[in-house]
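In case you want the letters, here they are:
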Amino acid sequence: MLELIKKDLLINSKTLIRFAAFGGLTALLFSRMEQGVAFIALWSMMIPYMYLPTSCYTEELNKGLAFCRSLPIPASTIVWSKFAGAVLVTLGSGAYVLLLAELSRYLGWLELDPSFPLLAAVTSPWVAVFIMHGVFLLLFFSHGYKRAQSIVSMLPLLFLLPLIFPESAKAKLSSYFATLFGGRADLRSVLALLIALALGIEALLTWRASKVFEAKDVP
């Protein structure tokens, strides 16, 4: 599996570097704005979000799946290598974006909201990233790149819905989390729970994708 992960990272290294460079430049330029932390956190989502489809597209374009299936390795290993590579890129992107934020803050460009820590801002997009990656992997290994990309490209809209919730709905949601955690909802605890849940969903969808791919003939 390690060789498959390294293969994906190496093949897509130029694209990954381009994403990181463009994201870094954008994050630093817009960090001076009032909501600068949002632009920085955005790239904690966008870099891994764009990496996985690009990696899978390259695989389909070069008939990489057919080649990998010809190797003496389980089909499930191919699927789980995509999962592991995507998680590594997500974590690496988070560390990279956190460094950008610290640099911007050191330069006096970035102003933070004391009620919303920088680490929370950088890691909160992972909830969406992990779920979208899981859906993409399932669709890619069952129906191909085009179907996966067309559906997953619409999913970010779902994660923007809470922004238009009425204040009463937001209050009820906050009350629910407070009850769940036995008092006032702690942001770090809630965020850790949501990230763990999202990663679990991605792992479950990846497991299902591996079962589908094992039974699928790859021309």
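Preceding this paragraph is the structure being described.
Residues numbered from 1 in each chain as written. Predicted model: local features only at pLDDT ≥ 70, side-chain atom pairs only at ≥ 80, totals over all residues. Heavy atoms only, no water.

### Things to note about the overall build of the chain
Then, number 1: The helix and strand tally for the chain stands at 11 helices and 0 strands.
Then, number 2: Each helix (α) and strand (β) of the chain, taken in turn from the N terminus, gives the series α-α-α-α-α-α-α-α-α-α-α.
Then, number 3: Of the contacts made within the chain by residues no fewer than 6 positions apart, 79% connect residues no fewer than 24 positions apart.
Then, number 4: With the model as given, the accessible surface of the chain reaches about 12400 Å², and the carbon-plus-sulfur share is 70%. (Helix = DSSP H or I, 4+ residues; strand = E, 2+ residues; numbered from the N terminus. Contact = heavy atoms within 4.5 Å. Areas by Shrake-Rupley, 256 points an atom, 1.4 Å probe, with all protein chains shown as cover.)

### Here's the deal with the side chain of Glu 59
Then, number 1: Looking at the element boundaries, Glu 59 is found in helix α3 (residues 36–61).
Then, number 2: Contacts of Glu 59, omitting those with residues within four sequence positions, involve Lys 7, Asp 8, Gly 64, Leu 65 and Lys 82.

### Topic: the environment of Ala 215
Then, number 1: Secondary-structure assignment places Ala 215 in the segment after α11 (187–214).
Then, number 2: Residues Ala 215 and Ser 142 lie 73 residues apart in sequence; the distance between their C-alpha atoms is 9.8 Å.

### Description of the environment of Ile 78
Then, number 1: Tracing the sequence through the fold places Ile 78 in helix α5 (residues 75–106).
Then, number 2: Classification of Ile 78 by relative accessible area gives buried; the value is 2%.
Then, number 3: When the C-alpha atoms of Ile 78 and Leu 4 are compared, they prove to be 7.2 Å apart, with 74 residues separating the residues in sequence.
Then, number 4: Contact partners of Ile 78, with chain neighbours within four places excluded, come to Leu 4, Leu 65, Cys 68, Arg 69, Ile 73, Phe 141 and Phe 213. (Buried < 20%, exposed > 50% of the residue type's maximum accessible area, 1.4 Å probe, protein only.)

### Section: the packing of aromatic side chains
Then, number 1: A full pass over the atoms with the stated rule returns 8 aromatic pairs.
Then, number 2: Each ring, one from Trp 126 and one from Phe 130, has its centre 6.3 Å from the other, and the planes form 55°; the classification is tilted. Highlighted residues: Trp 126 and Phe 130, both in helix α7 (residues 126–143), separated by 4 residues, approximately one helical turn. Each member of the pair, Trp 126 as well as Phe 130, is classed as buried.
Then, number 3: Ring centres of Phe 141 and Phe 213 lie 4.9 Å apart, and the angle between their planes is 65°; this geometry places the pair in the edge-to-face category. Taken together, the positions of Phe 141 in helix α7 and Phe 213 in helix α11 put the pair 72 residues apart, joining distant regions of the chain.
Then, number 4: Residue Phe 141 is classed as buried on the basis of its relative accessible area, which comes to 1%. (Phe/Tyr/Trp six-rings, centres within 6.5 Å; stacked < 30°, edge-to-face > 60°.)

### What to know about a nonpolar patch on the surface
Then, number 1: Together, Leu 25, Leu 29 and Phe 30 make up an exposed nonpolar region whose accessible area comes to about 300 Å².
Then, number 2: With respect to the helices and strands, Leu 29 occurs in helix α2 (residues 13–30). (Patch = residues over 30% accessible without salt bridge, like charges linked within 9 Å, V, L, I, M, F, W, Y side chains within 5 Å. Salt bridge = Lys/Arg side-chain N within 4 Å of Asp/Glu carboxyl O.)

### Some points on α5
Then, number 1: Taking 1.5 Å as the rise per residue, α5 with 32 residues should run 46 Å; its terminal C-alpha atoms sit 47 Å apart, in good agreement.
Then, number 2: Phi turns positive, to about 80°, at Gly 108, one or two residues after α5. (Expected span 1.5 Å × (residues − 1).)

### Description of the packing of α5 against α7
Then, number 1: Running from N to C, α5 and α7 cross one another at 155°; their axes reach a closest spacing of 11 Å. Relative to α7, the element α5 is oriented roughly antiparallel. The handedness of the crossing between α5 and α7 is right-handed. Touching Ile 78, Val 79, Lys 82, Phe 83, Ala 86, Val 87, Thr 90, Leu 91 and Gly 94 of α5 are Trp 126, Val 129, Phe 130, His 133, Leu 137 and Phe 141, all from α7.
Then, number 2: Each residue belonging to the contact of α5 with α7 can be placed in one class, and the counts come to 11 nonpolar, 3 polar and 1 charged. (Axes fitted to C-alpha atoms, helices over the stretch in contact; angles between N-to-C directions. Parallel < 35°, antiparallel > 145°, perpendicular 65-115°, else oblique. Left-handed = near helix turned anticlockwise from the far one by under 90°. Nonpolar A, V, L, I, M, F, W, Y, C, P; charged D, E, K, R; others polar.)

### Some remarks on the nonpolar core
Then, number 1: Counting residues in hydrophobic clusters, the biggest one holds 34 residues, and the most contacted among them are Ile 78, Met 132, Phe 136, Phe 140, Phe 141, Val 152 and Phe 213.
Then, number 2: Going through the elements one at a time, α3, α4 (64–70), α5, α7, α8 (145–152) and α11 are the ones with two or more residues in this core.
Then, number 3: When residues in this core are grouped by element, the largest group, 11 residues, is from α7.
Then, number 4: Filtering out sequence-adjacent residues up to four positions away, Phe 140 remains in contact with Cys 56, Glu 60, Leu 65, Tyr 145, Ala 148 and Lys 216.
Then, number 5: Grouped together as the second largest cluster of nonpolar side chains are 17 residues, Leu 16, Ile 40, Trp 43 and Leu 110 included. (Core = buried A, V, L, I, M, F, W, Y, C linked by side-chain atoms within 4.5 Å.)

### As for α2
Then, number 1: Taking 1.5 Å of rise per residue, the 18 residues of α2 would be expected to cover 26 Å, and the 25 Å separating its terminal C-alpha atoms lies within 8% of that figure.
Then, number 2: Packed against the buried residues of α2 are α3 and α5.

From the geometry alone we can't say anything about function, so treat these as descriptive.
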